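Each chain is listed here by its residues.
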Amino acid sequence: MSTTKKDIRKLSQAEIEDYFKEIGEKSFRAKQVYEWLWKKNAHQFDDMTNISKALREQLGESFQIQPVEVDLLQKSNDGTIKNAVKLHDGNVVESVLIPTDSRTTACVSSQVGCSLDCTFCATAQLKRMRNLTAAEIVDQVVIIDEESKRYFNRPLSNIVFMGMGEPLLNYNEVISAIKKITLPEGLGMAPRRITVSTSGIPKMIEKLADEDLRVNLAVSLHSAREEVRNVIMPFSVKFPLTDLMDSLQYWYQQTGLRITFEYIVWGGVNDKKEDIDALVKFCRKIPSKVNIIEYNSIDDGIYKQASEEAVNNYIKALESNNIVVNVRRSRGKDIDAACGQLANKTGND
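Residues numbered from 1 in each chain as written. Predicted model: local features only at pLDDT ≥ 70, side-chain atom pairs only at ≥ 80, totals over all residues. Heavy atoms only, no water.

An unreviewed UniProt entry lists the protein chain under the name Probable dual-specificity RNA methyltransferase RlmN, with Empedobacter falsenii given as the organism. We quote the UniProt Sequence similarities (unreviewed entry) comment for the protein chain here in full: "Belongs to the radical SAM superfamily. RlmN family." The record in UniProt for the protein chain states the following under Subcellular location (unreviewed entry): "Cytoplasm". (UniProt positions renumbered as here; feature names shortened; annotations may be inferred.)

As structure tokens, then:
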């Protein structure tokens, strides 16, 4: 049965305060409710125990809370956990808990599907159905924090917006979610532990730089040669590398935070000397580091992992130019939880 009740988590604290004024209640109740929603993650009005039963009932008559739920949890042999997260409308997204010896990282989704067309990514083959709300993003974080405590005896330490979707194409909700995660009246997590990963939309990178959120920025680059990148990531035709570099230099000027370039090396695609030279030249224009990511097949046979020699050639060239480089071995491949593999294979159609 459809309902016309508004989701209370779409309201700001000021808007909740206005509601209480309208019904003749003291405005400080808004702060209490807001903390229940975002600090204590209450999913039912009855959980709000410092509010009278009558007022809780009135809230329930006026508003609804639409939490997400884990539809399916899968555990990898390496400890990685993938959640198929069911939204209130039946759509499903995926989020991943990635454990290491020293940290647990939440990889969260920002859209149902994706509107970009990166040819190497399983998520890009899904139609973008809709953007997630800030609450649906925060719920993924809360769930993974609970799983981290349950399975690894420690709280969540890092968050990456690297799940399904392009976060900068759901800008307002992602920014709202980051504020809910970092502010004291929310989850109170340090902004430096959050990384927003984008495929590279210059105008939105500059907008993010002006927010003064102090989060980290990662860019899926994969080639610093225009003609190669446009084949790997066709949407990038609209966003030339010169424009991308201008936006990244603006980012550094505004934030003082170096950029991470996410980079997959494929055999026969971007494993030649000219590819390496182009990346070195690109990196030297901006304080940055490079994460070389292991490629994870998405069963289409178009791409294949580059040789160890090609990867080593990249490492040598970057290090000899004093550019920090890390090789990231993918985790969760056996449950399709690794980078580029999130495709709702186990979710609802």
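The structure having been displayed, the exposition proceeds.
Asks: I tried to follow the pattern of salt bridges on my own but got confused; where do I start?
Replies: It is possible for side chains bearing opposite charge to pair when their charged atoms get close. Throughout the structure, instances matching the rule amount to 14 salt bridges. Put simply, Lys31 and Glu35 hold a salt bridge, and the shortest N to O gap is 3.2 Å. Separated by 4 residues within a single helix, Lys31 and Glu35 lie in helix 2 (residues 28-38), roughly one turn from each other. The exposure class assigned to Lys31 is partly exposed, which follows from its relative accessible area of 48%. Two residues, Glu227 and Arg225, come together in a salt bridge whose shortest N-O distance is 3.1 Å. For Arg225, a relative accessible area of 19% puts it in the buried group. Among the charged side chains, a network of salt bridges with common partners joins Arg225, Glu227, Lys272 and Asp275. (Salt bridge = Lys/Arg side-chain N within 4 Å of Asp/Glu carboxyl O. Helix = DSSP H or I, 4+ residues; strand = E, 2+ residues; numbered from the N terminus. Buried < 20%, exposed > 50% of the residue type's maximum accessible area, 1.4 Å probe, protein only.)

Asks: What's the story with the sheet that holds strand 12 (residues 259-264) in this structure? I'm lost.
Replies: Strands in a sheet are paired, the pairing made by backbone hydrogen bonds, and the direction either parallel or antiparallel. The strand order across the open sheet formed by 10 strands is 3-4-5-6-9-10-11-12-13-14, and the pairing between neighbours is mixed. Since the sheet does not close on itself, it has two edges, and those belong to strand 3 (69-75) and strand 14 (324-328), each with one partner. Going from strand to strand, the sheet's axes swing by 20 degrees on average, the running direction of each strand aside. Summarising the sheet, strand 6 (residues 104-107) and strand 9 (residues 158-161) pair through 3 bridges and their orientation is parallel. Bridged to Thr105 within strand 9 is Asn158. The strands touched by helix 5 (residues 171-182) within the sheet are strand 9 and strand 10 (194-198), with strand 10 carrying the most contacts at an inclination of about 165 degrees. Sitting on the sheet, helix 8 (residues 241-255) touches strand 11 (216-220) and strand 12, and the angle it makes with strand 11 is about 165 degrees. (Pairing = 2+ DSSP bridges. Axes fitted to C-alpha atoms, helices over the stretch in contact; angles between N-to-C directions. Contact = heavy atoms within 4.5 Å.)

Asks: Sorry if this is basic, but what is going on with a negative patch on the surface here?
Replies: Taken together, the side chains of Glu206, Asp210, Asp243 and Asp246 define an acidic patch exposed on the protein surface. A residue is classified by how much of its surface remains accessible, and Asp246, at 47% relative accessible area, is partly exposed. (Patch = residues over 30% accessible without salt bridge, like charges linked within 9 Å, V, L, I, M, F, W, Y side chains within 5 Å. Areas by Shrake-Rupley, 256 points an atom, 1.4 Å probe, with all protein chains shown as cover. Lys, Arg positive; Asp, Glu negative; His and termini not counted. Charge placed at Lys NZ, Arg CZ, Asp CG, Glu CD.)

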